[in-house]
Amino acid sequence: MRIVRAVLALILLAATAHPGAAQSSRQEVLLYVVGMIEPVAEAECRRRLSGGSCDFQFFVEPNARTANAYQSIDDHGRPIVVVSQRLVQQARTADDLAFVLSHEAAHHMLRHLDRLNAGLAAGGDRTLPMLGAGGGSAGTSARTFELEADRLGARIMARAGFDPNLGVRFLSRLPGIPSQGTATHPSHAERAAAVAALGL
Ligand SMILES: [Zn+2]
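Predicted model only: the values in this text are computed from it and were never measured.

**Section: the overall build of the protein**
When its secondary structure is counted, the protein shows 8 helices and 5 strands. Moving toward the C terminus, one meets the helices and strands of the protein in the order α-β-α-β-β-β-α-α-α-β-α-α-α.

Quick look at the structure:
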């Protein structure tokens, strides 16, 4: 129920934008990025998951105090990706937003929530935030999952027409993400190197 209440407080981003649309605000850029990323993410998800939902829904959290993003599952089992309005305000390019959305979508396709919560008691924290300890877990597995999500997210955003090597730099401009990394997140340099190594 906690998840449902959270979703009701969010604003659903309908993927109505189309390539080439004039972009006059960050919100329009965000809609454009959702429209480009969603079909690629869904196709990749269907290729990887049998039985799991790939019906992604993207939301903005208007009143969050921090620039953050997370992936979760709603009570119907559908994957949701949430970005805070503060994060959207920090973005300078479509690549910045594409990196975040693709990264969070990748967490779902890689079943990271299930894998992080597997060792927890029933009812583990069903989110994977960009900042702070998510999934109720920390340490090596969480950091490994972040790099996995960076790599798969980079492939998805590149396929959708964005530049992952530019997008990964957004991390360094987000307040609250230390460049040296945290217990759950690798350093910026490590993440940028993981993306660069893909040669996209
Ligand atoms: Zn992540």
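**Some words on the nonpolar core**
V33, I37, L97, A98 and L101 are the most contacted members of the largest nonpolar core, which totals 51 residues. Broken down by secondary-structure element, the contributors of at least two residues to this core are helix 2 (26-48), strand 3 (69-73), strand 4 (79-84), helix 3 (85-90), helix 4 (94-109), helix 5 (112-117) and helix 6 (140-159). The dominant element in this core, judged by the number of residues it contributes, is helix 2, at 11 residues. Here V33 is in contact with A94, L97, A98 and L101, once residues within four sequence places are set aside.

**A closer look at the environment of R26**
Inspection of the secondary structure puts R26 in helix 2. Along the primary structure R26 and Q90 are separated by 64 residues, whereas in three dimensions their C-alpha atoms are 9.5 Å apart. Ignoring sequence-local partners within four residues, the contact set of R26 consists of V88, Q89 and A91.

**Describing the packing of helix 2 against helix 4**
The N-to-C vectors of helix 2 and helix 4 enclose an angle of 25°; their axes lie 9 Å apart at closest approach. Here helix 2 is positioned roughly parallel relative to helix 4, judged by the angle of their axes. When the axes of helix 2 and helix 4 are compared, the crossing they make is right-handed. For the pair formed by helix 2 and helix 4, the contact residues are V29, L30, Y32, V33, V34, I37, A41, E44, C45 and R48 on the first element and A94, L97, A98, L101, S102, A105, H108 and M109 on the second. Classifying every residue of the contact of helix 2 with helix 4 by side-chain character gives 14 nonpolar, 2 polar and 2 charged.

Criteria and cut-off values
- Residues numbered from 1 in each chain as written.
- Predicted model: local features only at pLDDT ≥ 70, side-chain atom pairs only at ≥ 80, totals over all residues.
- Helix = DSSP H or I, 4+ residues; strand = E, 2+ residues; numbered from the N terminus.
- Core = buried A, V, L, I, M, F, W, Y, C linked by C-beta atoms within 7 Å.
- Buried ≥ 20, exposed ≤ 12 C-beta atoms within 10 Å, placed from the backbone.
- Contact = placed C-beta atoms within 7 Å.
- Axes fitted to C-alpha atoms, helices over the stretch in contact; angles between N-to-C directions.
- Parallel < 35°, antiparallel > 145°, perpendicular 65-115°, else oblique.
- Left-handed = near helix turned anticlockwise from the far one by under 90°.
- Nonpolar A, V, L, I, M, F, W, Y, C, P; charged D, E, K, R; others polar.

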